[in-house]
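Next come the chains, spelled out residue by residue.
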Amino acid sequence: MKRALITGITGQDGSYLADHLLDLGYEVHGIVRRVALEDSAHRLVRLAGNLDKLHLHAASLESFPSLFSVVSEVQPDELYHLAAQSFVSYSFDDSFSTFRTNIDGTHFMLECARRLVPSCKFYFAGSSEMFGHADEVPQNENTRFYPRSPYGISKVTGFDLSRNYREAYDMYVSSGILFNHESPRRGFEFVTRKITSHVARIKNGELNELPLGNLEAKRDWGFAGDYVRAMHLMLQQETPEDFVVATGKTHSVREFCQLAFEFAGLNYEDYVIKDPRFYRPAEVHLLLGDASKSKKKLGWEPTIGFEELVEMMVKHDLDLHSHH
Ligand code: NAP
Ligand code: GDD
């Protein structure tokens, strides 16, 4: 039985990846913050269905010795490093802590792997936010990085660290360059979930408006359940490489709104208001991924398209809020 260790297991992707690896027969371990174990009803909510099957270990991403102890105890065959301050907007408010978590945290995990389990396969959660103000459309593995946020800068550094560990120490390290992926388990601050949860609360009379920032930004939105399959496939190759994971379709925040409100029988123009608080100091205007390498080498393809994704999230939130 293969043993996997996931950092960030409590997040959207960590929870889907844990489900997927359990289905594949893995022994699944996760690193969580100590407070999560103390308040499992709230902080482990995405893992609720599988808690009895998972092995959770408390450690802090800020503390190398705490991570060292867990990696030493678990001795993983595959390590998925997903933990990060993942909200782009917040990275402008506190770039310093974002760098500590995302850069040092990644460096600590790579170094633990090198010292303790050098033949372990390592996945780094790279991001299309690294492309930022991209000079070509669509973006592929060779597109130049031009990050536009502290978050993007932290991910470019994590990506470079990962590549350097691969090249310098001959380790199996792969980075996924994942475009935005969403689900009913998405955090409430990200624009898709913010929209679908507001739609549900507007529908049930709890709210009467949805304040948003830039409606013209375009993203290549896929389903998180599809994207975690690609993470696993990246660690099953002969040689470690980096891969773009995307749907190859892009839509604006406005289009997402229009469709989400339509599914609930509403017109978004009656509820969406522009709020300067939600604009970013520097914006990424357009992301569109070319995942042909993933298709060719990993045999990976998305199964859920844009309309299905919006519908899935709206239905879930309507259901959630009709019981309240
Ligand atoms: P998420 O839902 O925000 O989950 C983030 C995870 O990181 C949570 O488990 C969180 O733990 C943990 N974490 C954050 N700060 C931490 C800290 N200081 N110490 C320990 N753990 C910490 O993010 P996601 O959407 O699943 O994304 C997973 C990874 O993929 C992230 O690295 C993200 O940057 C990257 N990524 C995401 C997307 C996307 O569209 N979703 C696209 C490209 C890349 P708590 O629950 O304790 O806060
Ligand atoms: N969050 C948010 N809230 N975004 C808004 C709002 C709002 O009220 N109004 C407009 N937007 C726009 C943002 O300006 C951005 O252009 C777009 O909606 C998407 O924002 P998010 O959903 O917050 O995601 P993101 O694209 O910044 O980052 C996500 O995807 C990255 C991959 O490209 C995160 O999951 C990152 O962790 C991930 O790396």
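Residues numbered from 1 in each chain as written. Chains lettered and ligands numbered in written order. Predicted model: local features only at pLDDT ≥ 70, side-chain atom pairs only at ≥ 80, totals over all residues. Heavy atoms only, no water.

Draft legend 1. Representation of the pairing of strand β1 (residues 3-7) in the model. The buried fraction of β1 amounts to four of the five residues, a majority that puts the element mostly inside the structure. Taken together, the five bridges between β1 and strand β2 (residues 27-32) define a ladder with parallel strand orientation. Of the residues in β2, the one forming a bridge with Arg 3 is Glu 27. With helix α1 (residues 12-23) bridging β1 and the parallel β2, this β-α-β connection has right-handed handedness. (Buried < 20%, exposed > 50% of the residue type's maximum accessible area, 1.4 Å probe, protein only. Helix = DSSP H or I, 4+ residues; strand = E, 2+ residues; numbered from the N terminus. Pairing = 2+ DSSP bridges. Right-handed = clockwise from strand over helix to strand, strands pointing away.)

Draft legend 2. The arrangement of helix α10 (residues 253-263) in detail. Within α10, the full set of buried residues consists of Val 253, Phe 256, Cys 257, Leu 259, Ala 260 and Phe 261. Each element contacted by the buried residues of α10 is listed here: α8 (191-203), β8 (210-212), β12 (251-252), β13 (272-274) and α12 (306-322). Looking one or two residues beyond α10, the residue adopting positive phi is Gly 265, at roughly 75°. (Contact = heavy atoms within 4.5 Å.)

Draft legend 3. Local environment of the domain arrangement of the chain. The assigned domain composition of the chain is domain 1 (3-181 + 222-245) and domain 2 (187-219 + 249-283 + 303-322). Taking only C-alpha atoms, the centre of domain 1 and the centre of domain 2 are 27 Å apart. Together domain 1 and domain 2 conceal approximately 1200 Å² of surface at their shared face, both sides included; 57% is due to carbon and sulfur atoms. On the domain 1 side of the interface with domain 2, the three residues burying the most area are Phe 87, Arg 148 and Phe 223, jointly 41% of the side's total. The interface formed by domain 1 and domain 2 holds zero salt bridges in total. Taken together, the connections running from domain 1 to domain 2 amount to three residue pairs in polar contact (both at pLDDT 80 or more). By residue number, the principal contributor to the side of domain 1 that touches domain 2 is helix α5 (residues 88-93), which donates three residues. (Domains from an automatic or database assignment. Buried area = accessible area lost by both parts, 1.4 Å probe. Salt bridge = Lys/Arg side-chain N within 4 Å of Asp/Glu carboxyl O. Polar contact = N/O pair within 3.5 Å; in protein donor to acceptor, adjacent residues only side chain to side chain.)

Draft legend 4. Spatial organisation of the pairing of strand β6 (residues 173-178). Counting buried positions along β6 gives six out of six residues, so the element sits mostly inside the fold. Side chains Val 173, Ser 175 and Ile 177 of β6 all project onto a buried face; the interleaved residues Ser 174, Gly 176 and Leu 178 project onto the opposite face, where all are buried too. When strand β5 (residues 121-127) meets β6, the two strands line up parallel, connected through six bridges. For Ala 125, the partnering residue across the bridge sits in β6 and is Gly 176.

Draft legend 5. The sheet that holds β6, seen in detail. One open sheet holds the seven strands; their spatial order is β3-β2-β1-β4-β5-β6-β11, and the pairing between them is parallel. Because the sheet does not close on itself, it has two edges, and the strands there are β3 (55-58) and β11 (243-245). Taken pair by pair, the neighbouring strands of this sheet meet at an average axis angle of 20°, ignoring direction. Both strand β4 (residues 78-81) and β5 contribute to a ladder of four bridges, which runs parallel. What sits directly across from Tyr 80, in β5, is Tyr 123. (Axes fitted to C-alpha atoms, helices over the stretch in contact; angles between N-to-C directions.)

Draft legend 6. Highlighting the nonpolar core. Ile 6, Val 28, Tyr 80, Tyr 123, Ile 195 and Phe 261 are the most contacted members of the largest nonpolar core, which totals 91 residues. A domain-level breakdown of this core finds at least three residues from each of domain 1 (3-181 + 222-245) and domain 2 (187-219 + 249-283 + 303-322). With residues near it in sequence (within four places) discarded, Tyr 80 still touches Ala 4, Leu 5, Ile 6, Thr 7, Leu 17, Leu 21, Tyr 123, Met 231, His 232, Leu 235 and Gln 236. (Core = buried A, V, L, I, M, F, W, Y, C linked by side-chain atoms within 4.5 Å.)

Draft legend 7. Highlighting the packing of α8 against α10. It is at 10 Å that the axes of α8 and α10 come closest, and there the two elements cross at 30°. Classified by the angle their axes make, α8 and α10 are roughly parallel. As α8 packs across α10, the resulting crossing turns out to be right-handed. Touching Val 191, Thr 192, Ile 195, Thr 196, Val 199 and Ile 202 of α8 are Val 253, Phe 256, Cys 257, Ala 260 and Phe 261, all from α10. Residue classes in the contact of α8 with α10 are distributed as nine nonpolar, two polar and no charged. (Parallel < 35°, antiparallel > 145°, perpendicular 65-115°, else oblique. Left-handed = near helix turned anticlockwise from the far one by under 90°. Nonpolar A, V, L, I, M, F, W, Y, C, P; charged D, E, K, R; others polar.)

Draft legend 8. Representation of the side chain of Asp 220 in the model. Counting through the fold element by element, Asp 220 comes out in the loop between β9 (218-219) and β10 (222-223). At 2.6 Å, the side chain of Asp 220 forms a polar contact with the side chain of Thr 247. Of the polar contacts made by the side chain of Asp 220, one reaches the backbone nitrogen of Gly 289; its length is 2.9 Å. Among all residues touching Asp 220, those that are not within four sequence positions of it are Phe 179, Asn 180, Tyr 227, Ala 246, Thr 247, Gly 248, Lys 249, Thr 250, Leu 287, Leu 288 and Gly 289.

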